[in-house]
Amino acid sequence: MSGGSSAGEFPVASKELSPEELELAKDDSMPLFEKTIKHLQSPASSHKLSAVRELCEAAVAGGSRKTLKELLPVILSGVLCTASNPNDSTATTCDVAVKQAAVEQMSDFSIYLLKSGVQPLADSVVDVIVPRMALLLTDESPQVREACTKTFSDIVNHLHQELLRFHVLPVILKLSSKADDETSRAQSLQIIDNTVIAFPKEICLHSFIPILQSLSEDPSYRVRKTVAMHLGNISIVLGPVGVVSTIAPIYLKLAKDPVWCVRKSCADSLTVTCNHLPLQSKSMLCEVLRFLTADSSRWVKISAYQHLGEVLALLPPAQISDDLIELYTRMATDSLKIGDSDVRLFCAYSLPGVLTNLGKGKWSVFKPTFDVLSQDLQWKVRKSLAHSLHEIAKIIGCELTVSDLLPVFSQYLKDLDSVKVGVIKNISNFLFSVPPQERAQFTDVIKEMCVGDNWRMKRLIVKQIGDIARLYNTPEGVLMVQTLLLQLINDRAAVVRVKACKMVGPVVASCMINDDSYPVRKGFYAKLIEFAQDNCFRIRQLYAMSCHSMIGVIPDDEFTTDLLPTLLRLHTDPVVNVRVIVASTLVQLKAIAGKTEISLDRALLKLRKDADKDVQFVANVKS
């Protein structure tokens with residue numbers, strides 16, 4: 001039957017294309033430059049949107065002369081039109097979505113022109129595109145304004161510094177002084193923050209600081225809030241001394257602003273501000289912490305508590321008074337009074353940093369806080385602690401780790417997977433802080449993680465298997481680790497197998513304690529050789545991958561005697577995948593170990609003439 005669907009098939013309804021889509025389809029055969037020009041001049045928004053996505057490609061296709069004479073004028077009139085230009089006859093026809101998309105594309109387009117190596121193209125960015133972007137910064141559409149603020153900043157960051165004073169600074173000054181437009185004043189602050197690093201320090205001091213000082217007293221709280229949010233990058237330019245004399249007074253004044261959202265922006269910026277203050281001046285933030293954590297606004301208070309631990313981690317211990325420590329510990333014990341249970345998460349997250357700063361001597365002060373957090377009903381709080389137990393253990397030492405952390409560590413091994421993954425991910429680092437006699441109880445845990453179908457847990461263990469081998473460096477421990485590694489090399493999950501093969505070298509290196517350890521290694525090599533004799537090519541290639549990880553790790557004569565003969569036999573393996581890995585391993589062996597055996601050279605010569613091009617390529621790579 002003609003025209004019908006065959007048995008077992010569903011009839012497919014044909015979709016009719018719109019006139020605009022049909023027009024686009026017809027134009028696909030046109031040269032790119034001509035098609036882009038046509039679509040930019042089209043009254044259809046879909047055509048214009050299609051064209052603005054290909055501006056850089058069109059410029060490349062058209063060349064510099066046509067880009068300047070034809071493409072750029074059409075961009076300005078077709079998709080970057082502005083009502084501020086009375087001569088622009090198409091100003092009222094610019095669709096907002098098209099204009100926004102075009103503004104977003106101007107960043108890459110301008111950077112292409114600047115880097116083209118053609119001076120007229122680079123000049124057009126400064127003479128044509130920057131002025132048009134300056135006009136669009138005050139466009140009627142908020143979306144266009146927002147996009148233009150980012151694009152203008154991107155372009156400025158790629159201009160030569162000598163151009164900024166005359167072509168960019170006037171734009172920023174004009175925006176900052178628009179008394180009837182608070183959005184423009186806020187935009188000027190965003191642009192300063194985004195571009196200040198490109199400007200000379202002298203402009204920062206004599207132009208930008210006065211703007212910040214003036215706008216920090218702006219009648220609009222939205223502008224004052226924007227000031228508080230954008231003090232970071234200018235602080236980098238000014239340096240610690242400059243921050244103390246200029247930025248700090250602005251910040252301290254805004255932190256006491258009558259409008260809560262301005263104070264919240266200051267609370268959000270606590271850590272950034274602390275980072276940029278010199279060590280001896282960080283103490284000025286202690287008073288800020290005190291009054292922001294006691295703020296009448298719940299949102300200000302919560303934000304201040306969120307950054308409290310981070311700031312305590314940055315202050316010198318001498319600057320941290322007991323009342324600040326009490327504020328911190330309250331996050332765990334009085335979260336309901338503070339007004340948000342999430343503060344316990346903030347407390348758990350920052351605890352290692354606070355302890356690192358204050359030292360082991362303060363553990364007794366923070367131990368009750370740790371105990372409360374470790375039993376928290378929110379799994380996110382327990383998860384945060386689970387990921388940082390090894391860091392806390394390093395700070396407080398073996399004895400306190402055994403008495404205070406080990407019970408929690410054991411508990412988290414039986415917790416939800418989201419919590420358990422934190423301790424498993426860092427199990428080797430944690431156990432380094434546990435005495436050898438206490439580590440023995442966790443060998444069964446490690447073995448348990450290496451069985452079953454949870455390949456993610458296995459991958460976490462295999463990444464640490466080299467460190468685990470160093471932890472259990474007794475003869476029994478070495479045998480256990482080698483057995484686990486062989487098991488993981490042959491795992492069902494490819495991601496586990498590949499990582500396990502890469503870890504053979506580190507594990508073998510950890511077993512090379514003394515000359516008496518060779519028999520143990522020889523037994524391990526014998527087990528690996530069994531992989532090379534397997535009927536499955538995936539298993540055979542595991543042997544070659546394992547050999548690759550041992551190059552330069554074990555003595556050359558040991559590799560030549562125990563591993564190389566079997567590896568060379570695989571160079572004629574019938575499966576390409578195996579030969580590729582063998583070729584890579586032999587190339588590496590010759591490069592690192594400087595092997596010159598005739599059998600090795602012959603094998604490489606044959607692989608370089610292999611029937612498969614991939615094998616040839618790998619065998620001919622010069623390491």
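Note that the structure is a prediction, hence the values are computed from the model and not measured. (Residues numbered from 1 in each chain as written. Predicted model: local features only at pLDDT ≥ 70, side-chain atom pairs only at ≥ 80, totals over all residues. Heavy atoms only, no water.)

Draft legend 1. Spatial organisation of the overall build of the protein chain. Scanning the protein chain for helices and strands turns up 38 helices and 0 strands. Rg of the C-alpha trace for the protein chain: 33 Å, well past the compact-globule value of 25 Å for 623 residues, more than 25% over. Considering only C-alpha atoms, the protein chain reaches an extent of 90 × 80 × 60 Å along its principal axes. Each of the 623 residues in the protein chain was classed as buried or not, and the buried ones make up 50%. Taking contacts inside the protein chain between residues at least 6 apart in sequence as the whole, the part at least 24 apart equals 65%. For the protein chain, the accessible area works out to roughly 29500 Å², and carbon and sulfur atoms hold 54% of it. (Helix = DSSP H or I, 4+ residues; strand = E, 2+ residues; numbered from the N terminus. Rg over C-alpha atoms; globule rule 2.2 N^0.38 Å. Buried < 20%, exposed > 50% of the residue type's maximum accessible area, 1.4 Å probe, protein only. Contact = heavy atoms within 4.5 Å. Areas by Shrake-Rupley, 256 points an atom, 1.4 Å probe, with all protein chains shown as cover.)

Draft legend 2. Geometry of helix H9 (residues 169–176). For H9, the set of buried residues is Leu169, Val171, Ile172, Leu175 and Ser176. Seen from one end, H9 has its buried residues packed into an arc of 160°, which puts them on one side. The elements touched by buried residues of H9 are helix H6 (119–136), helix H7 (142–156), helix H8 (161–167), helix H10 (182–195) and helix H11 (201–215). (Arc of directions from axis to C-beta.)

Draft legend 3. Just empty space enclosed by the protein, in detail. The final tally for this structure, using the stated rule, is 1 cavity of 30 Å³ or more. Of the voids in this model, the largest cavity is the one considered here, and its volume is about 50 Å³. Within the residue set of the lining of the largest cavity, elements represented by two or more residues are helix H13 (232–254) and helix H15 (270–276). Per-class residue counts for the lining of the largest cavity are 4 nonpolar, 4 polar and no charged. (1 Å grid on protein atoms, 1.4 Å probe; cavity = no way out; pocket = protein on both sides within 12 Å on 5 of 7 lines; lining within 4 Å. Points joined across faces, edges and corners; volume = space filled by probe spheres on them. Nonpolar A, V, L, I, M, F, W, Y, C, P; charged D, E, K, R; others polar.)

Draft legend 4. Examining the packing of H9 against H10 more closely. Where H9 meets H10, the axes come as close as 7 Å, and the angle between the chain directions of the two elements is 140°. Across the interface between the two elements, Ile172, Leu175 and Ser176 of H9 pack against Ser184, Arg185, Ser188, Ile191 and Ile192 of H10. Here the residues of the contact of H9 with H10 are counted per class, giving 4 nonpolar, 3 polar and 1 charged. (Axes fitted to C-alpha atoms, helices over the stretch in contact; angles between N-to-C directions.)

Draft legend 5. Structural context of the packing of helix H27 (residues 455–463) against helix H30 (residues 494–502). The geometry of H27 relative to H30 is characterised by a closest axis approach of 9 Å and an angle of 5° between their N-to-C directions. As the angle between them shows, H27 and H30 are arranged roughly parallel. In contact with Trp455, Lys458, Arg459, Val462 and Lys463 of H27, H30 contributes Val495, Val496, Lys499 and Ala500. (Parallel < 35°, antiparallel > 145°, perpendicular 65-115°, else oblique.)

Draft legend 6. Main features of the state of the cysteines. On inspection of all chains with the given rule, the structure shows 0 disulfides. Free cysteine: cysteine 261, not disulfide-bonded; nearest cysteine sulfur from cysteine 266 at 10 Å. (Disulfide = S-S within 2.5 Å.)

Draft legend 7. Quick look at the pattern of salt bridges. Applying the stated criterion to the full structure yields 26 salt bridges. When the shortest N-O distance is used, the salt bridge between aspartate 573 and arginine 540 registers 2.6 Å. Linking aspartate 573 in the loop between helix H35 (564–569) and helix H36 (576–593) with arginine 540 in helix H33 (residues 537–550), this pair joins segments that are 33 residues apart in sequence. Measuring nitrogen to oxygen at the nearest pair gives 2.8 Å for the salt bridge that ties arginine 579 to aspartate 610. On the criterion of sequence distance, the pair formed by arginine 579 in helix H36 and aspartate 610 in the loop between helix H37 (598–608) and helix H38 (613–619) is long-range, its members being 31 residues apart. (Salt bridge = Lys/Arg side-chain N within 4 Å of Asp/Glu carboxyl O.)

Draft legend 8. Up close: the confidence of the model for the protein chain. Per-residue pLDDT for the protein chain averages 89, and the proportion of residues at 70 or more is 92%. Long-range and interchain partners of residues 1–14, a stretch whose pLDDT sits below 50, account for 1 contact in this model, where long-range means more than four residues apart. Note that residues 88–92 has pLDDT below 50 and, in this model, 10 contacts with residues that lie over four places away or in other chains. (pLDDT = per-residue confidence, 0-100.)

Draft legend 9. Spatial organisation of the packing of aromatic side chains. One pass over the full model with this rule turns up 5 aromatic pairs. Measuring from ring centre to ring centre gives 5.2 Å for phenylalanine 409 and phenylalanine 442, while their planes differ by 80°; the resulting arrangement is edge-to-face. Taken together, the positions of phenylalanine 409 in helix H22 (residues 379–412) and phenylalanine 442 in the loop between helix H25 (436–439) and helix H26 (443–449) put the pair 33 residues apart, joining distant regions of the chain. Residue phenylalanine 409 shares its accessibility class with phenylalanine 442, and that shared class is buried. Among the aromatic residues, those joined into a ring-pair cluster are Phe409, Phe430 and Phe442. Lying across the ring of tryptophan 299, arginine 298 places its NZ or CZ 4.6 Å from the centre. (Phe/Tyr/Trp six-rings, centres within 6.5 Å; stacked < 30°, edge-to-face > 60°. Lys NZ or Arg CZ within 6 Å of the ring centre and 35° of its normal.)

Draft legend 10. Main features of the environment of arginine 65. Relative to the helices and strands, arginine 65 is located in helix H4 (residues 55–78). For arginine 65, a relative accessible area of 61% translates into the label exposed. Here the alpha-carbon distance between arginine 65 and glutamate 558, two residues 493 residues apart in the chain, equals 68 Å.

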